[in-house]
Amino acid sequence: MPPDAPSPQTTVADTAAARTMSPLTRWMAAPSPAPRLPEDEVQRRYPRLRLQVFIGIFLGYAGFYLIRNNISLIAPLLLEQGTINTVGIGIIGNAVLLAYGFSKFFSATISDRSNARYFLPIGLALSAVANLVVAFVPAVSASVALFATVMFLNGWVQGMGWPPCGRVLVHWFSTNERGWKTAIWNTAHNVGGMGVGALAALGLAITGGSWQSAFWVPAVGALVVAVLAFVMVRDRPEAVGLPPIEEYRDDPAKVEADASELEGSSYWGIVVKHVLLNPTMVFLALANVFIYSLRYGVLSWAPTYLAEHHGMSLAQGIAGFSLFELAGIFGTLACGWVSDKVFRGNRSWTGITFMVGVGLFLVAYWLAPVGTPYWLLMVFLFFIGAFIYGPVMIIGLQALDMSARHVAGTAAGFTGLFGYVFGATLASTGVGWVVHEFGWGATYGLLTLSVVLTVVLLLFVLPRERQLMAHHRSLSGSDAQDTRS
């Protein structure tokens, strides 16, 4: 193939994508491949652009967490002022959660055919606008229904964040390095989560405690981040005259797209075949239900459990909540490294190993008798958080790894749909009901059962992943990993 020619697979994929997009969204379609740059220019530009786009999606995704669901930060102020009651706050919070879960899937079906450089900043900017509306339109906060509607729309455009990042990770980072790179990127939500607290506190300080500042100050920050993301992100290497990442690093994908299928099938037909009716994706989606139930079941109820069962203060409970989130950074990074370096790309064994860790510390946390030292309970919470955030990341990574590039974002969005809509809902209303009816013992018994079910589902995925890894090794011709930057 001539050096300036795009790969047939890429060309067919781009043509199929453009054909299936509506006129309204076609302007946002993934760019066509550019003529191949000379080899010396490829070697010079590839490492620099890989770093640039990585920073772009890291900052961009962190930006979404600045403005995702800020009502939880100022709920005490709203309650104190009588603006809204606890039921209203719950309705508004669930509106964001449900919208985000569904949008993560449906946005991914568009993102897989769109230019990530446009898709991510547009979603972030629209989310910032929704937060500005909450802050500056008094009628919104005067009605729970209107407030929830605006936050539902905010949750929907929030779903435009993860899919383009997944697309970029698939196109700019190859199989044998993707675990570690995805783990580093995944800590962006922890960075954003810490950033929103700082910006909200700044807003409250400079406005004398006006709750609206917790929405508009982070929104202004998010708009700045959206501009930075647009400047830094590039959709994929071929769009800027570089070879596909599999060619550049001599590291074939686990799953390749079938060019004839792309040419002869509708996009939704491909999605149904490779995602909705794919047993591997269904197993991963179901595993994500239990993983998210565990994540939010322990995290969201930690202050209440520590106060009711162990007699801790609210401040001590909130400290446990924060420690759980902080542990996620270390756990995610460790999981990515272990996935690439220890299990050499086998995400199933990595997830199983980390879920066993979750189970051990969850049982210790559950069975710790009243009177257990506070510091020891914090150790248990820290390691539950450290171990659970690894599988949270791994499930999305497996969906990217084990699907063809043209539906990778949709596959990851499908697992996210199950995680947020079913798993997080079980963790909020489900756990609350079980605690009320049966107590904390039954609740943690069910959470421990979730660990077991997750391990079983990942064991179902394991044979398919082994098969794909064997195929990957046969294509690469060697187990040695390319060390290019």
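The rules behind the values
- Residues numbered from 1 in each chain as written.
- Predicted model: local features only at pLDDT ≥ 70, side-chain atom pairs only at ≥ 80, totals over all residues.
- Heavy atoms only, no water.
- UniProt positions renumbered as here; feature names shortened; annotations may be inferred.
- Core = buried A, V, L, I, M, F, W, Y, C linked by side-chain atoms within 4.5 Å.
- Buried < 20%, exposed > 50% of the residue type's maximum accessible area, 1.4 Å probe, protein only.
- Helix = DSSP H or I, 4+ residues; strand = E, 2+ residues; numbered from the N terminus.
- Contact = heavy atoms within 4.5 Å.
- Expected span 1.5 Å × (residues − 1).
- Patch = residues over 30% accessible without salt bridge, like charges linked within 9 Å, V, L, I, M, F, W, Y side chains within 5 Å.
- Areas by Shrake-Rupley, 256 points an atom, 1.4 Å probe, with all protein chains shown as cover.
- Salt bridge = Lys/Arg side-chain N within 4 Å of Asp/Glu carboxyl O.

Going by an unreviewed UniProt entry, the protein chain carries the name Glycerol-3-phosphate transporter and comes from Kocuria varians. If you open the UniProt record of the protein chain and go to Sequence similarities (unreviewed entry), you find "Belongs to the major facilitator superfamily. Organophosphate:Pi antiporter (OPA) (TC 2.A.1.4) family." We quote the UniProt Subcellular location (unreviewed entry) comment for the protein chain here in full: "Cell membrane".

What follows concerns the nonpolar core. By size, the foremost hydrophobic cluster in this structure holds 99 residues, and its most contacted members are Trp172, Trp185 and Tyr365. For this core, the element with the most residues is helix α21 (residues 408–438), which contributes 12 residues. Not counting residues within four places of it along the chain, the set of residues in contact with Trp172 comprises Tyr46, Leu49, Arg50, Val53, Glu177, Arg234, Asp235, Arg236, Pro237, Val240, Leu242 and Ile245. Within the second largest apolar cluster, 21 residues are counted, among which are Ala135, Phe147, Ala200 and Phe215.

Attention now goes to helix α20 (residues 374–401). When the terminal C-alpha atoms of α20 are compared, their 41 Å separation across 28 residues agrees well with the 40 Å that a helix rising 1.5 Å per residue should span. The buried fraction of α20 amounts to 21 of the 28 residues, a majority that puts the element mostly inside the structure.

A separate point is a nonpolar patch on the surface. On the surface, Leu51, Ile55, Leu59, Val220, Val224 and Leu228 cluster together into a nonpolar patch covering about 480 Å² of accessible area. Looking at the nonpolar patch, the elements that each hand over two or more residues are α3 (39–65) and α12 (213–232). The residue Leu51 is located in helix α3 in this model.

When the charged atoms of two side chains with opposite charge come close together, those side chains can pair. All told, the structure shown has eight salt bridges when counted by the stated rule. The shortest N-O distance in the salt bridge between Glu177 and Lys181 comes to 3.4 Å. Here Lys181 and Glu177 lie together in helix α10 (residues 175–186), a separation of four residues that amounts to about one turn. With relative accessibility at 6%, the residue Glu177 sits in the buried group. Each of the salt bridges in this network shares a partner with another, and the network as a whole consists of Arg50, Glu177, Lys181 and Arg249.

On to the environment of Leu294. Its location among the elements puts Leu294 in helix α16 (residues 279–299). By relative accessible area, which is 2% here, Leu294 ends up buried. Sequence separation of Leu294 and Leu447 is 153 residues, and the distance between their C-alpha atoms is 6.1 Å. The residues touching Leu294, leaving out its near neighbours within four places in the chain, are Met355, Leu362, Ile388, Leu447, Ser450 and Val451.

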